[in-house]
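# Chains, contacts and geometry: an overview
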Amino acid sequence: DVKVTQSSRYLVKRTGEKVFLECVQDMDHENMFWYRQDPGLGLRLIYFSYDVKMKEKGDIPEGYSVSREKKERFSLILESASTNQTSMYLCASSYQITDTQYFGPGTRLTVL
Amino acid sequence: QKEVEQNSGPLSVPEGAIASLNCTYSDRGSQSFFWYRQYSGKSPELIMFIYSNGDKEDGRFTAQLNKASQYVSLLIRDSQPSDSATYLCAVNPNTGTASKLTFGTGTRLQVTL
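Below is a summary of the structure that appears in this document.

Rules used throughout
- Along each chain, residue indices are assigned from 1 in the same order as the chain's sequence is written.
- Chains and ligands are labelled sequentially in the order written, the chains with letters from A and the ligands with numbers from 1.
- pLDDT decides what is reported in this predicted model: residues at 70 or higher carry local features, side-chain atom pairs at 80 or more are listed and counted, and totals for whole chains, interfaces and linings draw on all residues regardless.
- Neither water nor hydrogens contribute to the side-chain values; these are computed over all heavy atoms in the structure.
- The contact rule is simple, with two residues in contact once any of their heavy atoms fall within 4.5 Å.
- Each of two parts loses accessible area, computed with a 1.4 Å probe, when they are put together; buried area is these two losses added.
- By convention in these notes, a salt bridge is any Lys or Arg side-chain nitrogen within 4 Å of a carboxyl oxygen on Asp or Glu.
- Under this definition, polar contacts are N or O atom pairs within 3.5 Å; protein pairs additionally need one hydrogen-donor-capable and one acceptor-capable atom, and for neighbouring residues in sequence, both atoms have to be side-chain atoms.
- Numbering goes from the N terminus for both helices and strands, where a helix is a DSSP run of H or I of at least four residues and a strand is a run of E of at least two.
- Definitions used for this entry: grid spacing 1 Å over protein atoms alone; cavity, a set of points where a 1.4 Å probe fits but cannot get out; pocket, an open set with protein on both sides within 12 Å along at least 5 of 7 lines; lining residue, one with an atom within 4 Å of a point.
- Grid points are joined across faces, edges and corners, and a volume is the space filled by probe spheres set on the points.
- Residue burial is assigned from relative accessible area. The probe radius is 1.4 Å, only protein chains are included, and a residue is buried under 20% of its type maximum, exposed over 50%, and partly exposed in between.

Here we take up the interface of chain A and chain B. Counting from both sides, the interface comprises 21 residues of chain A and, opposite them, 19 residues of chain B. Across the chain A to chain B interface the summed buried area is about 1,500 Å²; carbon plus sulfur atoms make up 59%. At the surface where chain A touches chain B, the tally comes to zero salt bridges. On the surface where chain A and chain B come into contact, there are three residue pairs in polar contact (both at pLDDT 80 or more). Taken together, the elements giving at least two residues each to the side of chain A that touches chain B come down to β4 (31-38), β5 (42-51) and β9 (87-94) of chain A.

Moving on, we get to empty space enclosed by the protein. If you roll a probe as big as a water molecule over the atoms, it shows you where there is empty space left. Residues and elements named next belong to chain B. As enumerated under the stated definition, the model contains one cavity of 30 Å³ or more in all. As a volume, the largest cavity reaches approximately 40 Å³. Lining of the largest cavity is provided by E3, V4, Y25, S26, D27, S30, V91, P93 and T102.

Further remarks concern the pattern of salt bridges. Residue and element names in this part refer to chain A. Evaluation of the coordinates by the stated rule reveals ten salt bridges over all chains. Among the salt bridges present, the one from E22 reaches R73, with a minimum N-O distance of 2.8 Å. Taken together, the residues E22 in strand β3 (residues 19-25) and R73 in strand β8 (residues 73-78) connect sequence positions 51 residues apart. Classification of E22 by relative accessible area gives partly exposed; the value is 30%.

The values reported here are purely geometric and, on their own, carry no functional implication.
Written as structure tokens, this is what we have:
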């Protein structure tokens, strides 16, 4: 079974803090994704990566950056957290970029 | 126009009935279609995917795809209270090698006793 894990289930940070969210997958998948999910807006893609050190912007990359130094690990970075980044953050991975995506359990981030 | 559209619901069906969930998409070149189930507070989990026109059955679930009309649906037979969740439709718009899935906002299903 594919396993995607995320570093925290719940996180509370203050405005202006730098926030790191980490995602690890154990299936040797090429592709990894970061989404945020908000009520009424559905899943919105922030960034994705199709190889180590490769990344592409998704639909809402502003205020975020990512890092993929190893194939199994994909990090989302909020350089200076703001209250409008309070959300559920979901990581996913897939073998091919248009394949089934497998999701981690999510991180509910609250920025005060 | 949204790329993938779903009725937000809630769709309420009695236990044992058939639940029908619909999804329309805008890109006529879309090639693959996925249905995910998401329980409240949990992450999405794949139910099934479909690539070809017609029906695909997996247990109590049937996915139906009609590319000419640009819709894909999910039927749940013998609905159970445990089926109560939000169902997300995802579409591969197939706009190139870097194309990726586009998700609808989901339909909330309530199965009543």
